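Inside the fold
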Amino acid sequence: MSAILQNINDIKEDILKHSPNPDKVKLVGVTKYVDTEIMLEAFNSGITIMGENRVQVLREKYEILKEHNIEWHLIGQLQKNKIKYIIDYISMIHSVDSLSLAEEIDKKAEKAGRTVDILLEVNISNEESKSGYSVSELLGDCNSLKTLKNINIRGLMTMAPLTDNEMVIRNVFRGLAELRNSLNNDYFDGSLQELSMGMSNDYKIALEEGATLIRLGTKIFK
Ligand SMILES: *Cc1c(COP(=O)(O)O)cnc(C)c1O
């Protein structure tokens, strides 16, 4: 068995072991470390969702792999002037962290004649270095976000701080799940179903706290 396939099988076992709802969990293969040849090997091993953090790279890889049935996710920061490069084929944007970005994606999606799934990225731990909405900013924007017709707000995304302290990481993921629940009650009528949280070093904790999208690079491709 190839190393990639072995890694994927290990991750599937971890999903069954750690998630309260394993059927709801999707694995996003984060491909920023590898070329399209390796990506194709991963695709043939069952990775159908691929996440890239840079628009330019995503676009280049899409051009090479577009005849394959890959679901492309953007997981890194998005500048407004780059939306046009991915709007026709992007399946989900995990990193929407302002109303103005959401409005611009909405506008470009309308022009492209489609709707785009997005996640709202939240800086739960309030680290200064991190991207993402603060909770208070997000609460202030919810009523406006709801009015945008060409984006589907599917849930929330976060990144845990880099630490070995498991309780700190767990509290961030639990905080995101609780925020999702309260936003569903107060604004979104239950439509926020996704929680994108968990990377190679913390995905088991994220699964235990209800992650539905885990974003793994190193764990698959190391
Ligand atoms: C790189 C990256 C990942 C994957 O990181 P690994 O530790 O290699 O699994 C996940 N999410 C984001 C936003 C990333 O930039």
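Scroll up to find the structure.
The paragraphs below set out a description of the structure included in this document. (Residues numbered from 1 in each chain as written. Predicted model: local features only at pLDDT ≥ 70, side-chain atom pairs only at ≥ 80, totals over all residues. Heavy atoms only, no water.)

If you trace the backbone, Gln79 turns up in the loop between β3 (71–74) and β4 (92–96). We classify Gln79 as partly exposed; its relative accessible area is 48%. (Helix = DSSP H or I, 4+ residues; strand = E, 2+ residues; numbered from the N terminus. Buried < 20%, exposed > 50% of the residue type's maximum accessible area, 1.4 Å probe, protein only.)

Attention shifts here to the site of the ligand. Taken together, Val30, Lys32, Tyr33, Asn53, Ile75, Met159, Met199, Ser200, Arg215, Leu216, Gly217 and Thr218 are the residues near the ligand. Tyr33 places a side-chain nitrogen or oxygen 2.6 Å from an oxygen atom of the ligand. Here an oxygen atom of the ligand sits 2.8 Å away from a polar atom, N or O, in the main chain of Gly217. A total of 390 Å² of accessible area belongs to the ligand in isolation, and the protein chains cover 90% of it. In this structure, the ligand is accommodated by the largest pocket. Here the shell around the ligand is built from residues that sort into 6 nonpolar, 4 polar and 2 charged. (Near = heavy atom within 4 Å. Polar contact = N/O pair within 3.5 Å; in protein donor to acceptor, adjacent residues only side chain to side chain. Areas by Shrake-Rupley, 256 points an atom, 1.4 Å probe, with all protein chains shown as cover. 1 Å grid on protein atoms, 1.4 Å probe; cavity = no way out; pocket = protein on both sides within 12 Å on 5 of 7 lines; lining within 4 Å. Sits in = over half its atoms within 2 Å of the grid points. Nonpolar A, V, L, I, M, F, W, Y, C, P; charged D, E, K, R; others polar.)

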